[in-house]
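# Observations on the three-dimensional arrangement
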Amino acid sequence: NGNVRNGQPHYYMWKIPDFLKGRVVLRIRYNITTKDFDYGSLANPVEEGAQLSGLKADPFFMDSKFNDPNPGNRRRRTFSGRPGVPLPLAQDPVADWLKLGENALDTSRLLQLQVNTNQFGRTFEDRTHTFIVMERPPDVPLERRIVNMNVRGRRGNIVQVYPSVEYDFIPSDLSVEVGTLLHFQWTGSDANNNNNAGNGRAGTDRSNLVQIQSRAETIPLPLEKHTLLFDARANPNDPAGKALVDKFAYLDQDQIVTCDPDTNDQNSETNCKQLNGASAYFDGGLVEMKVVGEHHFASTRNNDFTNRSHKSSIKVTGFAFEGYENIALGVGCFLGLVLIIYIAAAIHACRRPGSWLFSRRYRPRILGWVLRKATMDRLVEERRVLIAQRRREWAKKANAHCSDEEGGTDKAAEVALPEETLSWFQSITRCFRKCGLGEQQLTTLMFTILNVIVFAIGFISNLEGGFQKSLAFPCAKGGGYAMDLNFALLVLPTLKSLQTTMRRVSSSREWVPIDDPINFHIVIASFTMIASAIHIAGHCVHIYIIRTSPTIQSDPFDLWKLTSEEKASGMTLFHQVFNIQLRCAGFTGIVLTVMMLAILLTALNCSRRRTNCINRRIGGFNLFWRIHMSWKWLYVLLLLHAPARLWIWFFFPAIFVVVDRLLLANHQALYLHLRSVKLLPRDVIGLTFELPQGFAYQAGQYILLGWKGEWHPFTLTSAPEENCISVHIRSPNSLDWCSALRKRLTQDAPAEAAGIDPADSKPPKAPLLIEYSKCVLSNSPIVYNTPRVAQKTSDEGTMENEGPRLLGRSTSGKQVEPVQSGETMISRVQPGMLPPEAVVLQVTGPFGAPAQKVWGFDTLM
């Protein structure tokens, strides 16, 4: 009867263009042909010098003149070659198609083909329909959706109505959003065969609409329970709603005929019970869907249980946000979560002034707005006392570990900390260490096992989910699960504030692999690449299997209940890559692959250190750093690529990242006063700085040293008791930034301070000590450093010192122009503002490092 799966018809969803109005003609042609008429087929072979026009070019141009004019004469005649033009095939041709006969006259191996030239390549159905497209009402905005609700079919049973169908609402199962306008309209007929089976006046089609409780029932709902045409539960006395229900049920018959409620004549026009007095065309107008839920309805005339079911359902869903509204809602929720965390941190800092959250660097500003000045001063004083007490305890602990190599008393040498009892975890790690597995190797082994377990979970849970149960899909999903795990942990080892905080907890060293966080970051990245390779390979194989499968007609209304496998069958590569329903997961996957390869390649040692000819031109640390800084966009694309699971994996790591960024934002970049530079053997330089105000650190921590816009980490080599900080930097020529800093501090700057062209100066040799002086740019917080003492030749030919330089003066003695009074302070260094020998260095930190475990060892090297 024309229906396909789930009893639903073939259909095409047409969105009527806004410009279309008035009378429209729709022509539907059902055409079928075989490949016998394609140019190059056996029936239509390639001919030398033939002009490619008409049938030769396209079988579309075939018409009735290609029919066999004498089909009976050819039925029993041997087919010898191609019939005369224009016949591509004769009627029921007979020939030795397989060439099994001994010669052309041998008729023992003839076969007849069943060919009716009246049917081959013909248009079996060619139907033209005309209808009128009404203009959109002026009070209905363009963005408001209007859906046409109609009735198909004709009067009669399934045999009598063929090739049409029996009555049915179209679409029979509709899902729309609340606020959608439905245009209920349908057209009946008065020209059916009078002998066709049906109800009501013979030869006529009529349909009405009444709401029912479910598709399994037949009795119409009473007015007070109506929800489709109006919400009777909210307003049972709504006159407009009652009129609408009456119109859809009785079709305004009393305005056309005088209804006779007592007649039972099926053919009487006054029998309004059977809708005999209704017009063939019904226009119910636009009806807004207001009640969320599923509404069922039927036609009282045509719904005959033993013969036909004239029912339908409309599912009204809640309001759906637009894409930008979903993004705004997500951003709002995220900001709300950040605000909650911020307030919780402020409360914790207020209740525990000795914690790091109440320090001057991390103290939430909201405390200054909420707390009274006396309360804030009391908390600050309480914190100062607690910090002083901790420092005394730390100094006591440090003195207890010192040796008497420098004349310490025997009493001090005898002081030692009590022996700590080993925890169960320390006992296990000691056993593994005896087997040759250190902490890092043990961590890698455990992480490998964890990846295998997560891969197995992803593989098993998706074992039946692949196209045609292909194993490529669960392999891709297993790799995806492992990627989720690794991406969730990938950034955590690089969070400086998180490491610094965790290192303050002595027990964290037992269960957190933070001895070498960068190495652990590389381990996670390696597992990420392995999981990515499995994920990509599995999806590529899966995409190929889908592409080579047969195509099934699309079902945008989901009436046929096609399985996901049937919907995907035969999908082209382009549609699989840019599938909107899957958020263009293929396209985002390709972009993610390119970004991950770029991050991987630039992170190699040869790229960062420019050890080959290619990387000397385009590589280096700067490229590595810029590519790595795209990790934020990488995670955004990951959430777009697979949001169903990733947000669960990324939720808590994202909180850590946000907190880390907020804490780092409070790390002010301080200008450094460089006291001296020591050039040591093997291209090592030692930098000694004046201790910046408010800079407190612990032994073993590291800082980020900034010069020329780049920031690099270096371990502090000074002790917290000293009034200075120092770092030692290995700076061979293979390290671009480090070697450039060494050359600037030990060669270029001293040469420029002495008035010598740096190109003419000779590289200094170790050991060498160069002292620097502090200079401040006028009306600016910018601090720069210049070599303190430069040597010049006196009149007698001897070398003498120029003495310390004046603040704000260049080597030539020219005064740096100050900023005029009333102007804002300068925060950025512009070219020409500083003398040529000036060196501007900045610092941020300190940050936790594995070297903080120094007090946990008896022997240090």
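Above: the structure in question.
Criteria and thresholds
- Residues numbered from 1 in each chain as written.
- Predicted model: local features only at pLDDT ≥ 70, side-chain atom pairs only at ≥ 80, totals over all residues.
- Heavy atoms only, no water.
- Helix = DSSP H or I, 4+ residues; strand = E, 2+ residues; numbered from the N terminus.
- Buried < 20%, exposed > 50% of the residue type's maximum accessible area, 1.4 Å probe, protein only.
- Contact = heavy atoms within 4.5 Å.
- Areas by Shrake-Rupley, 256 points an atom, 1.4 Å probe, with all protein chains shown as cover.
- Core = buried A, V, L, I, M, F, W, Y, C linked by side-chain atoms within 4.5 Å.
- Pairing = 2+ DSSP bridges.
- Axes fitted to C-alpha atoms, helices over the stretch in contact; angles between N-to-C directions.
- Salt bridge = Lys/Arg side-chain N within 4 Å of Asp/Glu carboxyl O.
- Phe/Tyr/Trp six-rings, centres within 6.5 Å; stacked < 30°, edge-to-face > 60°.
- Expected span 1.5 Å × (residues − 1).
- Arc of directions from axis to C-beta.
- Disulfide = S-S within 2.5 Å.
- Parallel < 35°, antiparallel > 145°, perpendicular 65-115°, else oblique.
- Left-handed = near helix turned anticlockwise from the far one by under 90°.

In terms of regular secondary structure, the protein is built from 20 helices and 23 strands. For the protein, with 861 residues in total, the buried portion stands at 37%. Within the protein, contacts between residues at least 6 apart in sequence are counted, and of these 62% link residues at least 24 apart. With an accessible surface of roughly 52100 Å², the protein has 58% of that area assigned to carbon and sulfur atoms.

Counting 28 residues, the largest nonpolar core has Leu687, Phe689, Leu705, Ile729 and Leu741 as its most contacted members. Secondary structure elements with two or more residues in this core: strand E14 (674-680), strand E15 (684-690), strand E16 (702-707), strand E18 (724-730), helix H20 (736-753) and strand E19 (768-776). Of all the elements, H20 adds the most residues to this core, at 5 residues. With residues up to four places along the chain from it excluded, the contact list for Leu741 reads Leu687, Leu705, Trp707, Ile729 and Leu841. Ala482, Phe487, Leu634 and Leu637 belong to the second-largest nonpolar core, a separate cluster that totals 27 residues.

The subject of this paragraph is the pairing of E14. The sheet contact formed by E14 and E15 spans 6 bridges and is antiparallel. Counted as the bridge partner of Leu680 is Val684 from E15. The antiparallel hairpin formed by E14 and E15 contains 3 residues in its connecting segment, where Arg682 sits at a positive phi of about 60 degrees. Pairing analysis gives 4 bridges linking E14 to E19, with the strands arranged antiparallel.

Time to look at the sheet that holds strand E11 (residues 293-298). Reading across from one edge, E7-E12-E11-E9 is the order of the 4 strands in this open sheet, with mixed pairing throughout. Sheet topology places strand E7 (173-177) and strand E9 (210-212) at the edges, where each strand pairs with a single neighbour. Looking at each pair of strands side by side, their axes are set apart by 35 degrees on average, direction ignored. One ladder, built from 3 bridges, connects E9 with E11; its direction is antiparallel. In the sheet register, Gln211 faces E11, and the bridge partner there is Phe297.

Attention now moves to the pattern of salt bridges. For the coordinates displayed, the defined rule picks out 13 salt bridges. Here Arg152 makes a salt bridge to Asp168, at a shortest N to O gap of 3.3 Å. Taken together, the positions of Arg152 in strand E5 (residues 146-152) and Asp168 in strand E6 (residues 168-170) put the pair 16 residues apart, joining distant regions of the chain. The class for Asp168 is buried, based on a relative accessible area of 10%.

Turning to the sheet that holds strand E20 (residues 783-787), a few remarks are in order. Taking strand neighbours across the sheet as the criterion, the 5 strands line up as E18-E15-E14-E19-E20 in an open arrangement whose pairing is antiparallel. What marks the edges here is a single partner per strand, and that holds for E18 and E20. Adjacent strand axes in the sheet meet at a mean angle of 25 degrees, parallel and antiparallel pairs treated alike. Bridge count for E19 against E20 is 5 bridges, and the pairing is antiparallel. Following the sheet pairing, Lys774 is matched in E20 by Asn785. Docked against the sheet, H20 engages E14, E15, E18, E19 and E20, running at close to 80 degrees with respect to E19.

If you walk through the whole model with that rule in mind, you get 18 aromatic pairs. An angle of 80 degrees between the planes, with centres 5.3 Å apart, marks the rings of Phe248 and Phe282 as edge-to-face. Here the residue Phe248 occupies a position in helix H2 (residues 239-250), and Phe282 occupies one in strand E10 (residues 281-288), the gap between them amounting to 34 residues. Side by side, Phe248 and Phe282 carry an identical accessibility label, which is buried. Note on Tyr702 and Phe847: the rings are 5.5 Å apart at their centroids and 40 degrees apart in plane angle, and the pair reads as tilted. Here the residue Tyr702 occupies a position in strand E16, and Phe847 occupies one in strand E23 (residues 842-847), the gap between them amounting to 145 residues. Site record: aromatic cluster; members linked through ring pairs are Phe169, Phe184, Trp186, Phe248, Phe282 and Phe297.

In terms of residue burial, E16 counts as a mostly covered element, since 6 of its 6 residues are buried. Going residue by residue along E16, you find Tyr702, Leu704 and Gly706 tucked away on one face and Ile703, Leu705 and Trp707 tucked away on the opposite face as well. Relative to strand E17 (residues 710-715), E16 runs antiparallel, the two being bridged by 6 bridges. Note that in E17 the partner of Gly706 across the bridge is Trp711. Between E16 and E17, which pair antiparallel and follow one another directly, the connecting turn spans 2 residues, one of which, Lys708, has a positive phi of 60 degrees.

Our focus in this paragraph is helix H14 (residues 585-603). In a regular helix each residue adds 1.5 Å, so 19 residues correspond to 27 Å; H14 covers 26 Å between its end C-alpha atoms and thus fits that length. Those residues of H14 that fall on the buried side of the exposure criterion are Ala585, Thr588, Gly589, Leu592, Met595, Met596, Ile599 and Thr602. The arc that holds the buried residues of H14, viewed along the axis, is 165 degrees, so those residues lie on one side. Against helix H9 (472-490), helix H11 (517-547), helix H13 (573-577), helix H15 (605-608), helix H17 (621-628) and helix H18 (631-641) lie the buried residues of H14.

Another point: the state of the cysteines. Scanning the model with the defined rule gives 1 disulfide in all. Two residues, Cys259 and Cys272, share a disulfide whose sulfurs are 1.9 Å apart. Sign of the S-S torsion, about -80 degrees for the bond between Cys259 and Cys272, identifies this disulfide as left-handed. Of this pair, Cys259 sits in the loop between H2 and E10 while Cys272 sits in the loop between H2 and E10; the two residues are 13 residues apart in sequence, bridging distant segments of the chain.

At a minimum axis separation of 9 Å, H14 and H18 run at an interaxial angle of 155 degrees. Here H18 runs roughly antiparallel to H14, going by the angle between their axes. Crossing geometry of H14 relative to H18 is assigned as left-handed. Together, Ala585, Thr588, Gly589, Val591, Leu592, Met595, Met596 and Ile599 of H14 and Trp633, Leu634, Leu637, Leu638 and His641 of H18 make up the contact between the two elements.

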